[in-house]
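# Architecture at a glance
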Amino acid sequence: MSATVTPTPSVVNTRDVLRAARPRGKYATGGLLSAIGSALATVALMACSAYLITRAAEMPPIMYLNLAIVGVRAFALARAFFRYLDRLFSHEAAFRQLETVRVGLLERLLPIAPAGLARSRRGSLLSTLVSDVDEMQNLGLRVIQPLLTALGVSIIAVVGVALLSPGAALGLALALILTFALSAWAISVVAARAERSLAPQRANLLDSLVDYLGALDVLVAYGAEPAARARVDAADKALTTSLVKRASGTGIAAAALALFTGVAIAIAMISAIPVLHEGGLSGPGLAVLALVPLAVFEVVANVPLALGAWRQVRSSAERIAGATDAERASDVPAEVGATELVPVPGADLLSFSNVAIRHPGAPEPALRIDSLNIVAGESLLIEGPSGAGKTTLAHALVRFIDYTGSIRLQGTELSSLHPDTVRTEIGLCEQAPYLFDEDIRQNLLFAHDTATDAELESLLDQVGLGDWVRERGGLSARVGERGALVSGGQAQRLALARALLHEFPVIVLDEPTASVEGDLATALIADLVGVARAHGRTVILISHADVAGDLFDRHLRIEAGTLVSAS
Amino acid sequence: MRPLDPRLLRYARSIRVYLAAQTLIGLVTTACVIGFAAVLTRIVTGALDGDSLSILGPWLGALVGVAAVRALTVWASETLSMRAAGRVKAELRGKVLDATRKLGPSWLARRGSISVATLSGRGMDALDDYFAKYLPQLILTALVTPILVVVIWWQDWVSGIVVVVTLPLIPFFMALVGWATQSIQRTQWDTLGKLSRGFVDLLGGLATLKIFGRQHRQADRMRTITTEYRQATMKVLRVTFLSGFVLELASSLAVAIVAVGIGLRLVEGGMLLSVGLFVLLLAPEVFLPLRNVGTNFHAAAEGVTAAEDAFAILDEAATLPETSIGSASSVVNGGTAGAGLVFAAVRAQHEADAPLSHEPISAEVLPGKLTVLSGPSGVGKSSLVGALLGFTDFTGEITRDGVSLRGVPAGERDWLAWAPQRPGLTAGTIAENVTLGDPDPDPAVLDWALETAVADDLDATRDLGVSGAGLSGGQAQRVGIARALYRMRRRDCAVLILDEPSSALDHATEARLVTNLRTLAAEGTAVLVLSHRGAFLEGSDTRIDLVPIPVPAAEPIEVDA
């Protein structure tokens, strides 16, 4: 049971995230080759058609045209066919890579969740993380592949044109380079500047809407509705201004394409026509030089879109990299230690001495416990104001976060045990219990998968949910996305049923009444504590609200950062 | 999805100007396409006929000039579309908010204020793609395509026939593919939704999984889920991409047929190169807008769905009579102290999902008294206050100083200060919340209000997030009460109404609040508290009990035997 090696939680940077998201393997290669094939077919179709009709106008014997006719038909088919293959292969590759990205993220988050995850002002980052991970698919599909295709086709076309006329090739190369440069400037400077303000402006608009609609009755009754409405309008106007600026940037990139197509053709003609008249170039050759730039620029038209997509992919990658907070993660206990708990005879169930607990990432302890002993079967109420470290205490007990000092479980120091082992002894009912988007049965069974329906139903009756479940059609009723169909009190009752099923000897209840008010809260606490005690569990309930102390054996309070006995 | 919903024209008038401007841009674009093809044809055929660079110089200049004009229209179309999107979104959003105001707070509570906010925020943003990518291409399809077909026909009717025959094949085959694969797609999308939620669920429930020791096999589970997701998605995409394949194939084959046809007629001498080259250059342009419409169809459909949700709200509001129930002229303004409220056989409109209603009540709320209105949850206590505020319809009569309140628009009750059950705080400081609606806040009254509401432990300069985020339930409740007290003091309101003011308060705080409210009543205010807590029932001067009656399930259909 030696805890020698402490594996540091893997913290990665944006570059790592992007590298992991880059599609690899035969599907990615197949997709890229098909994309280039389709783009080349587009250019070849144009060149072949130009050759065909100009050569035909010279009225040669028809057999001289057969090859060109076959070419035109073949390239027309090839273009559509390769495009289809390209889309299939590259999507397959992107989804395969998504697997790696998702699993990699999960493996990174699991050891440090929940305390080591970065938090924003709006709470957990997890909700945006999912869409950011999905966004990483676009790295291959909309960024790398179109850019490589445009680059490959540009080079091949320039080389091909050079065989006919070096001057025209130089013109085409110059026009393409200018287009790339101007697009890149317009997208990454003009559009990007506007885009940076888009996300906060969108959030601002939504905030003002939530405030307006959420308090509409109050605003009307207090005559403050017009002012709130003006806030919505101002937020809207700011957002539109940025959107128009961004559109102007993408518009410049698209306009550059249209302009330089003309410029490329003009340069090609200026350098090729004298050669034609000197006999160095055939008539059909001139037509090919005139029309090929049209097709090449059609392929290059994807470049501005790809540059725009790159910006979005990169900011998603930044957010994914920022989901773990190195500072917070350093407070998460390592997954090492003894896997078996051997009770020391005569030791109390839990004993604390000189314990200090910090909020994750904070320098100073939020809560001190000088001395506290809890015996099996006891029930405790711990009260304290918001921010006093109550949830942190709960998280320390289930080893989501480290502590200093000594907490002994049946005589063994918590930190010498593997966190998983601690969590077989001490269970937590979270402040906002997470319910999976499954039916009620599945939400209970994952705590104890061999329980029968009869056991589950009897347990639900005990936690006061029997009638509620029956009304909804029994155990197969769904709880909705993130438990949307379940009220806060019902979620707490389900969470307790889950904890009882798992047979934790110690159950910590973290603010079960956070989303339940008044008399309902009193009834909820009486039910929760009553049932847990009836099952012989040790109960530690932490709360900021005024809870009837007579339900508990002991009543403690957090005062000035220290746990003291109340009354 | 209809290409252009007529309701969009009706509800968002600013779209008409945009459509006109975009049509103009479309016409210029068409002219550019034809001009570019004509000039390029002239240059190539001229050079083949032996024209020197000095003769062709002006034509080369014209070529670059046309390209420059085309570039300008491309840029103008992009910025114009986004400007239009912004204007239409603002107009629709404004109308949705107006409609929501008209439909009232109880409608909003049923509909869910967050869902309306999301619809008017993110939902409307989906219209961006509709305006930026879909609509311009739709207009171009309607303009460029027919004009180019006419020009091609006029130049070379054989190529014209090829184009006219191929063109309708595109929508036809797309519809056919769509129709044939609809049922596969629907079942597959259901699977997809489920698999995608699996990942969301897994990330959200990480802590819960760890508590129950279930975290270890999750990476494998995730791998399986994602593999299933990929296989299911690819099954859908293989079919979805077919419609793209048909589009590409039809358009490139049509160009090939035109090119080969022209070649064969040229070789027989039945056609001029200038005509052949010109038609060849125009042929792909005929198909381009239609291809773009097809590509952007799905992005557009999303925006249209959001717009349709907005239209549903606007349609619902349009069925209501204008400015609810005609405003009465006998509006009582100003806080004449010593006024009382009289309810005569009042019953507030029963909420659709409430299990109970109440017997009509007749009662008085008198100045100088702390009146407590009680009754079981869901009986309609808050609805009764809603009726008083002008938010909810009611039967019977509510009068103040003998003047009926029926028909007085919500918001025109200067004599009333009210704190709702849900505090309804907004972003800003606590002080800003408490002095809501007061253009010139009075700090002394602010302090008094916070103290009287037992909220003096809170720092008035503290910044709150959206919906008052950052405060606990009890703190928010007390700030809401302070806001009502502030208004009462500043506007000399004769009546103070508090809806469940102590549901999240501890007993000691509640007791202090009751004492403070009794003092206020004793000073002459009519205080009405909705509560069934003991502290208020004991501290009341007068009690009104709402007697519940069960709501009849549904209208029974009488059948004569």
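One can find the structure itself at the top, above this paragraph.
Overview of the structure.

Conventions and cut-offs
- Residues numbered from 1 in each chain as written.
- Chains lettered and ligands numbered in written order.
- Predicted model: local features only at pLDDT ≥ 70, side-chain atom pairs only at ≥ 80, totals over all residues.
- Helix = DSSP H or I, 4+ residues; strand = E, 2+ residues; numbered from the N terminus.
- Expected span 1.5 Å × (residues − 1).
- Axes fitted to C-alpha atoms, helices over the stretch in contact; angles between N-to-C directions.
- Left-handed = near helix turned anticlockwise from the far one by under 90°.
- Contact = placed C-beta atoms within 7 Å.
- Nonpolar A, V, L, I, M, F, W, Y, C, P; charged D, E, K, R; others polar.
- Buried ≥ 20, exposed ≤ 12 C-beta atoms within 10 Å, placed from the backbone.
- Pairing = 2+ DSSP bridges.
- Parallel < 35°, antiparallel > 145°, perpendicular 65-115°, else oblique.

For an α-helix, the turn length of 3.6 residues means that residues three or four places apart are oriented alike. An ideal rise of 1.5 Å per residue puts 75 Å on 51 residues; helix 3 (residues 53-103) of chain B measures up with 73 Å between its terminal C-alpha atoms. One or two steps after helix 3 of chain B, the chain reaches B:Gly104, where phi turns positive at roughly 90°.

Glancing now at unusual backbone geometry. All names here are of chain A. Along the chain, alanine 113 connects to proline 114 via a cis peptide bond; the corresponding omega equals -5°. Relative to the helices and strands, proline 114 is located in the loop between helix 3 (66-109) and strand 1 (119-120). Of note in this structure, glutamate 511 is not a glycine but carries a positive phi near 45°. Along the polypeptide, glutamate 511 turns up in the loop between strand 9 (506-510) and helix 18 (518-534).

Turning our attention to the packing of helix 5 (residues 138-164) of chain A against helix 10 (residues 302-321) of chain A. Residue and element names in this part refer to chain A. Where helix 5 contacts helix 10, the two axes come as close as 9 Å, and the packing angle between them is 145°. Judged by the twist between their axes, the crossing of helix 5 over helix 10 is left-handed. Contacts from Asn138, Leu139, Arg142, Val143, Pro146, Leu147 and Ala150 in helix 5 reach Asn302, Val303, Leu305, Ala306, Ala309, Trp310 and Val313 in helix 10. Among the residues making up the contact of helix 5 with helix 10, the classes are represented as eleven nonpolar, two polar and one charged.

Time to look at the pairing of strand 10 (residues 538-543) of chain A. Residues and elements named next belong to chain A. When you tally the buried positions in strand 10, you get six out of six residues, the bulk of the element. Going residue by residue along strand 10, you find Thr538, Ile540 and Ile542 tucked away on one face and Val539, Leu541 and Ser543 tucked away on the opposite face as well. Direction of pairing for strand 5 (residues 379-383) relative to strand 10: parallel, over a ladder of five bridges. Across the sheet, glutamate 383 pairs through a bridge with serine 543, a residue of strand 10.

Listed as interface residues are 111 residues of chain B and, on the opposing side, 107 residues of chain A. Taken together, the residues that form the side of chain B that touches chain A break down as 62 nonpolar, 32 polar and 17 charged.

To continue, consider the packing of helix 14 (residues 443-452) of chain B against helix 15 (residues 473-491) of chain B. Residue and element names in this part refer to chain B. The N-to-C vectors of helix 14 and helix 15 enclose an angle of 135°; their axes lie 8 Å apart at closest approach. When the axis of helix 14 is compared with that of helix 15, the two are oblique. Crossing hand, helix 14 versus helix 15: right-handed. Residues Val445, Leu446, Trp448, Ala449, Leu450 and Thr452 of helix 14 touch helix 15, and the partners they reach there are Ala482, Leu485, Tyr486, Arg489 and Arg490. Its residues assigned to classes, the contact of helix 14 with helix 15 comprises eight nonpolar, one polar and two charged.

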